Amino acid sequence: MANRSNRPSALNAPSAAAPSPEVDISGTGASSKVTARLPSGESVEVLLYGATVISWKSDGGKVENLWVSDAAKLDGTKAVRGGIPVVFPVFGPPPKDHATSALPQHGFARTSRWEFLGKSSSEDALDASSVKLDFGLYSSNLSDEAKKAWPYDFGLVYSVTLSKEGLQTVVNVRNEGTKVFEFQLLLHTYLRVKDISKTTVTGLAGVPYVDKVLDATTHTQSSPTLSITGEVDRVYASIPQDTTTVLEDGKPRFDVVRDNVDDTVVWNPWKEKAAALSDFEPKDGFQQLLCVEVGSVQGWQKLEAGDGFEGGQLIKSLL
Ligand code: BG6
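Residues numbered from 1 in each chain as written. Predicted model: local features only at pLDDT ≥ 70, side-chain atom pairs only at ≥ 80, totals over all residues. Heavy atoms only, no water.

## Overview of the sheet that holds strand β3 (residues 43–47)
Step number 1: Taking strand neighbours across the sheet as the criterion, the five strands line up as β1-β2-β3-β4-β5 in an open arrangement whose pairing is antiparallel. Each edge of the open sheet is held by one strand with a lone partner, namely β1 (22–26) and β5 (63–64). (Pairing = 2+ DSSP bridges. Helix = DSSP H or I, 4+ residues; strand = E, 2+ residues; numbered from the N terminus.)

## With respect to the site of the ligand
Step number 1: Near the ligand the following residues occur: R81, F91, Q105, H106, R110, H188, K212, D233, V265, W267 and E293.
Step number 2: In this structure, Q105 approaches the ligand through a side-chain N or O atom, which is 2.9 Å from an oxygen atom.
Step number 3: In the complex, the protein chains occlude 83% of the 390 Å² of accessible area that the ligand would expose alone.
Step number 4: Spatially, the ligand is embedded in the largest pocket.
Step number 5: Taken together, the residues that form the shell around the ligand break down as three nonpolar, three polar and five charged. (Near = heavy atom within 4 Å. Polar contact = N/O pair within 3.5 Å; in protein donor to acceptor, adjacent residues only side chain to side chain. Areas by Shrake-Rupley, 256 points an atom, 1.4 Å probe, with all protein chains shown as cover. 1 Å grid on protein atoms, 1.4 Å probe; cavity = no way out; pocket = protein on both sides within 12 Å on 5 of 7 lines; lining within 4 Å. Sits in = over half its atoms within 2 Å of the grid points. Nonpolar A, V, L, I, M, F, W, Y, C, P; charged D, E, K, R; others polar.)

## A closer look at the layout of surface pockets
Step number 1: Of the volumes computed, that of the largest pocket is approximately 450 Å³.
Step number 2: Considering the residues around the largest pocket, the lining is formed by 25 residues, among which R81, Q105, H106, H188 and W267 are closest to the centre.
Step number 3: For the lining of the largest pocket, the secondary-structure elements that each account for two or more residues are β20 (263–268) and α2 (270–276).
Step number 4: Of the residues belonging to the lining of the largest pocket, the class tally is ten nonpolar, six polar and nine charged.
Step number 5: Roughly 220 Å³ of internal volume is contained in the second largest pocket.
Step number 6: Around the second largest pocket, the lining comprises 13 residues; the ones closest to its centre are F108, T111, S143, E145 and A146. (Points joined across faces, edges and corners; volume = space filled by probe spheres on them.)

## Things to note about the nonpolar core
Step number 1: If you look at the biggest cluster of nonpolar residues, it comprises 77 residues, and the most contacted ones within it are F88, F135 and Y158.
Step number 2: Of all hydrophobic cores here, the second largest spans six residues; its members include L47, I54, A72 and V80. (Core = buried A, V, L, I, M, F, W, Y, C linked by side-chain atoms within 4.5 Å. Buried < 20%, exposed > 50% of the residue type's maximum accessible area, 1.4 Å probe, protein only.)

## Some words on the UniProt feature "active site" (unreviewed entry) in the chain
Step number 1: With numbering aligned to this structure, UniProt lists the feature "active site" (unreviewed entry) at H188 and E293. These annotated residues cover 106 residues of sequence, and their C-alpha atoms all fall within 4.6 Å of one another, placing them together at a single site. Lining residues of the largest pocket drawn from the annotated list: H188 and E293.
Step number 2: Turning to its location among the elements, H188 is positioned in the loop between β11 (181–187) and β12 (190–192).
Step number 3: When sequence neighbours within four positions are dropped, the list of residues in contact with H188 reads G83, I84, P85, V87, H106, W267, C291 and E293.
Step number 4: Here E293 shows up in strand β21 (residues 289–303).
Step number 5: Take E293: its relative accessible area is 2%, and that puts it in the buried class. (UniProt positions renumbered as here; feature names shortened; annotations may be inferred. Contact = heavy atoms within 4.5 Å.)

## Points about the pattern of salt bridges
Step number 1: Here the structure, examined in full by the defined rule, presents nine salt bridges.
Step number 2: The shortest N-O distance in the salt bridge between K78 and D279 comes to 3.3 Å. Taken together, the residues span a long stretch of sequence, with K78 in the loop between β5 and β6 (86–87) and D279 in the loop between α2 and β21 at a distance of 201 residues.
Step number 3: Accessibility expressed as a relative area gives 34% for K78, which makes it partly exposed.
Step number 4: We classify D279 as buried; its relative accessible area is 4%. (Salt bridge = Lys/Arg side-chain N within 4 Å of Asp/Glu carboxyl O.)

## Looking at the confidence of the model for the chain
Step number 1: Chain-level statistics for the chain give a pLDDT mean of 94 and a share of 93% at 70 or above.
Step number 2: Between residues 1–15, whose pLDDT stays under 50, and residues either more than four places distant or in other chains, the model counts one contact. (pLDDT = per-residue confidence, 0-100.)

## What about the pairing of strand β10 (residues 167–175)?
Step number 1: When strand β9 (residues 154–163) meets β10, the two strands line up antiparallel, connected through nine bridges. Bridged to Y158 within β10 is V171.
Step number 2: Pairing between β10 and strand β22 (residues 308–317): eight bridges, direction antiparallel. Of the residues in β22, the one forming a bridge with V173 is F309.

## Quick look at a negative patch on the surface
Step number 1: Residues D242, D259, D262 and E310 make up a contiguous surface patch of negative charge.
Step number 2: With respect to the helices and strands, D259 occurs in strand β19 (residues 251–259). (Patch = residues over 30% accessible without salt bridge, like charges linked within 9 Å, V, L, I, M, F, W, Y side chains within 5 Å. Lys, Arg positive; Asp, Glu negative; His and termini not counted. Charge placed at Lys NZ, Arg CZ, Asp CG, Glu CD.)

## Quick notes on the packing of aromatic side chains
Step number 1: The tally for this structure, following the rule as stated, stands at 19 aromatic pairs.
Step number 2: Note on F181 and F183: the rings are 6.2 Å apart at their centroids and 65° apart in plane angle, and the pair reads as edge-to-face. With respect to class, F181 is no different from F183; both count as buried.
Step number 3: Each member of the aromatic cluster is reached from another via a ring pair, and the members are F88, F108, W150, Y152, F154, F181, F183 and F309.
Step number 4: Against the face of Y152 rests K179, its NZ or CZ located 5.0 Å from the ring centre. (Phe/Tyr/Trp six-rings, centres within 6.5 Å; stacked < 30°, edge-to-face > 60°. Lys NZ or Arg CZ within 6 Å of the ring centre and 35° of its normal.)

Here is the structure:
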């Protein structure tokens, strides 16, 4: 009998191989989505339509951190009401005197079908695995209408990285044409909270903001803690601190850490606005959400031909 103890080491069964993150692609057409799951149970789902993150579960997969409307369209007929829509190249209604003027509110990234560029993962025996999903959107993918409305050659690569630490979402913008362009970028994150009346926000003290509820007038955040007691739609600009914290009952629930972007929008539609949104269900769902949207929306980012820009966020679930 052959002496098996001398068999070549390459034939040895893997000893302490760490389990790998799983990545699946499911659905067809505009409803296609990519799901990634860590061996420890955390998961993320990204719809190719808009490269919209529509679920992020932490704590071994037990806690859903994002709010998505029960009436959200997930079939590519409308921007998703919830999750993390990507706002590009304009935030809000485009100004009349700007190159984005013919685009719809919040631009075309959230209503375009992105390509799944692939995954990369790292795993180790200490269960510190992570998985990165890359999505691409290029001028060539745009509808004829969007191309005509914003005739620039660009490339966007959106990287969504899931780890036990949190969810990182970063956008890389490249000017692939010969003309300079200007853009705004925002990650419109709908955070799920238990009860908006017990939810507060810190990390914005002393920061100036435009209050869209008060006729777009400018104010300064005087109190260190922001409580949400009615409709809120504020654009905090040039924030010196990197981290905005959402607290529940005074205990930190999420840290939203900005990466190379300086602005944050805080939005909750409250009762009347939610009632007016056809894709917002249940109608009292505003009590379970707070949008904390990081980006670069004060003024414009200018990109020369051949140049690139990268910015995004890391969201930590602090349960
Ligand atoms: C926020 C804006 O970012 O998005 C709000 O500050 C806006 O003014 C909200 O109402 C939702 O926009 P939409 O286009 O998804 O209904």
